[in-house]
Amino acid sequence: MFSRKQSQKRIERALRVLPSQVLKKVLFFALYLLGARLNAIASLVEMPEESVKTTISRVMRDGIPAFRDRRQSAKTYGLQLLPPPQEHQVSVLIEKDYCAITFGNMDHQLKIPQVVVVKILPH
């Protein structure tokens, strides 16, 4: 039913985008939802049973924000997970023979010849 090899690959991929503590909390919360006993969950994630109980209570009370480490500021935490915002500036210039679409600066420009083709499609 479960593949240890597949599990390891998936966890490694998840750790590229999630801090290990967040992943651990998500996993043990899922086990809790699936009916696992608290002492079994604590044993699997190598945490004291009281810590597991506390985390589950916080998730049930506060939702998704409870998965993150509260010792870190929300700003610091957000910076770890989110890529830097990028401004996408696009402009369109329509000339007699072509349409020029510029992405960001003039180094990224797409010129499309204006060809008029009219085709009437039946509905």
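Coordinates for the structure precede this section.
The model shown is predicted, which means the values in this text are computed figures rather than measured ones. (Residues numbered from 1 in each chain as written. Predicted model: local features only at pLDDT ≥ 70, side-chain atom pairs only at ≥ 80, totals over all residues. Heavy atoms only, no water.)

S.K.: Any chance you could explain the overall build of the protein chain here in plain terms?
M.R.: Secondary structure assignment for the protein chain yields 5 helices and 3 strands. Tracing the protein chain from N to C terminus, the helices and strands come up as α-α-α-α-α-β-β-β. Per-residue burial for the protein chain yields a buried fraction of 16% across its 123 residues. Counting contacts in the protein chain only where the partners sit at least 6 residues apart, residues at least 24 apart contribute 24% of the total. Approximately 10,700 Å² of the protein chain is accessible, and the part contributed by carbon and sulfur atoms is 58%. (Helix = DSSP H or I, 4+ residues; strand = E, 2+ residues; numbered from the N terminus. Buried < 20%, exposed > 50% of the residue type's maximum accessible area, 1.4 Å probe, protein only. Contact = heavy atoms within 4.5 Å. Areas by Shrake-Rupley, 256 points an atom, 1.4 Å probe, with all protein chains shown as cover.)

S.K.: Help me out: how do you make sense of a positive patch on the surface in this one?
M.R.: A surface patch of positive charge is lined by Lys-5, Lys-9, Arg-10, Arg-13 and Arg-16. For Lys-9, the location among the structural elements is in helix α1 (residues 4-14). Residue classification places Lys-9 among the partly exposed positions, given a relative accessible area of 43%. (Patch = residues over 30% accessible without salt bridge, like charges linked within 9 Å, V, L, I, M, F, W, Y side chains within 5 Å. Salt bridge = Lys/Arg side-chain N within 4 Å of Asp/Glu carboxyl O. Lys, Arg positive; Asp, Glu negative; His and termini not counted. Charge placed at Lys NZ, Arg CZ, Asp CG, Glu CD.)

S.K.: It is not clear to me how the packing of aromatic side chains should be interpreted in this structure. Could you clarify?
M.R.: Geometry of an aromatic ring pair is reported as the spacing of the ring centres plus the angle between the planes. Tallying each qualifying case throughout the model produces 2 aromatic pairs. Relative to Phe-67, the ring of Phe-29 has its centre 5.8 Å away and its plane inclined at 75°; by these criteria the two rings are edge-to-face. Of the two residues, Phe-29 sits in helix α2 (residues 20-33) while Phe-67 sits in the loop between α4 (49-62) and α5 (74-81), which places them 38 residues apart along the sequence. Judged by its relative accessible area of 14%, Phe-29 falls in the buried class. (Phe/Tyr/Trp six-rings, centres within 6.5 Å; stacked < 30°, edge-to-face > 60°.)

Bear in mind that shape data such as this cannot, by itself, settle questions of function.
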